[in-house]
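# Structural characterization, general
The primary structure of each chain is shown beneath.
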Amino acid sequence: EDQVTQSPEALRLQEGESSSLNCSYTVSGLRGLFWYRQDPGKGPEFLFTLYSAGEEKEKERLKATLTKKESFLHITAPKPEDSATYLCRLLSGGSYIPTFGRGTSLIVHP
Amino acid sequence: GAGVSQSPSNKVTEKGKDVELRCDPISGHTALYWYRQSLGQGLEFLIYFQGNSAPDKSGLPSDRFSAERTGGSVSTLTIQRTQQEDSAVYLCASSLGVSAGGSTDTQYFGPGTRLTVL
């Protein structure tokens, strides 16, 4: 059974304090790992897709990386507007049913 | 064009009543998903439609839940005889569809319908 675990559940940072969010997974044939951002009261917003170990994607202050067991979402010099819940999602070769992690709630204080 | 839209944005109902939630996917997207998100919980998969194929209903929590997709576009999620534990945000997402994997399965979400069962 495919599993996704995100850590930490919650993270508080000061503006400018870089950190990383983790998404650990077990899957029968990874076809894609997706990162989303969800603001309160809104649906998740797509950020990145990673397909194979060693791949990296960047967007503004965010950088996503992938290994065979986990993915990291690195946040460099975060700003208060980066505050949101970040969700990780798997697409495996064994199923079309997506598996989401529970998310990491990030709060960036000014 | 427009993104995924859902209606209503909020629904308050009494226990035992039936409710219908609507999702308008992005035009041209063949895949449509329904999820449920309870407070502090992750996204719980409910049902998946792909083109004209029979839907995957493996995530529906009980036979009170059903969904249909008319003409390969608009979808309606129906909850019969609502219970208080049905209170949650119901999210719909659409994608170009899963073929060889990859970007075609990037899901785009609607804003959700917040359901409150009193």
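Quick note: structure is the one above.
Everything quoted here is computed from the prediction, not taken from an experiment.

## Regarding the pairing of strand β5 (residues 45-50) of chain A
- One ladder, built from five bridges, connects strand β4 (residues 30-38) of chain A with β5(A); its direction is antiparallel. Bridge pairing in β5(A) links Phe34(A) to Thr49(A).

## Observations concerning the interface of chain B and chain A
- Tallying the contact residues gives 22 residues for chain B and 20 residues for chain A.
- Both faces combined, the contact of chain B with chain A buries some 1700 Å², and carbon together with sulfur accounts for 58% of it.
- If you look at where chain B meets chain A, you find zero salt bridges.
- Our count for the chain B to chain A interface comes out at two residue pairs in polar contact (both at pLDDT 80 or more).
- Mapped onto the side of chain B that touches chain A, the elements with two or more residues apiece are β4 (31-37) and β5 (43-50) of chain B.

## Some points on the state of the cysteines
- One pass over the structure, following the stated rule, counts two disulfides over all chains.
- Here Cys23(A) connects covalently by a disulfide to Cys88(A), the sulfurs 1.9 Å from one another. Taking the sign of the S-S torsion, -55 degrees for the link of Cys23(A) and Cys88(A), the bridge is left-handed. One end of the pair, Cys23(A), is in strand β3 (residues 19-26); the other, Cys88(A), is in strand β9 (residues 84-92), with 65 residues separating them in the sequence. We note that Cys23(A), like Cys88(A), is buried.
- Here Cys23(B) pairs with Cys92(B) through a disulfide, and the sulfurs are 1.8 Å apart. Here the S-S torsion is close to -60 degrees, and the disulfide linking Cys23(B) with Cys92(B) is therefore left-handed. Of the two residues, Cys23(B) is situated in strand β3 (residues 19-24) and Cys92(B) in strand β8 (residues 88-95); the sequence distance between them amounts to 69 residues. For the residue pair Cys23(B) and Cys92(B), the accessibility class agrees, reading buried in each case.

Calculation notes
Residues numbered from 1 in each chain as written. Chains lettered and ligands numbered in written order. Predicted model: local features only at pLDDT ≥ 70, side-chain atom pairs only at ≥ 80, totals over all residues. Heavy atoms only, no water. Pairing = 2+ DSSP bridges. Helix = DSSP H or I, 4+ residues; strand = E, 2+ residues; numbered from the N terminus. Contact = heavy atoms within 4.5 Å. Buried area = accessible area lost by both parts, 1.4 Å probe. Salt bridge = Lys/Arg side-chain N within 4 Å of Asp/Glu carboxyl O. Polar contact = N/O pair within 3.5 Å; in protein donor to acceptor, adjacent residues only side chain to side chain. Disulfide = S-S within 2.5 Å. Buried < 20%, exposed > 50% of the residue type's maximum accessible area, 1.4 Å probe, protein only.

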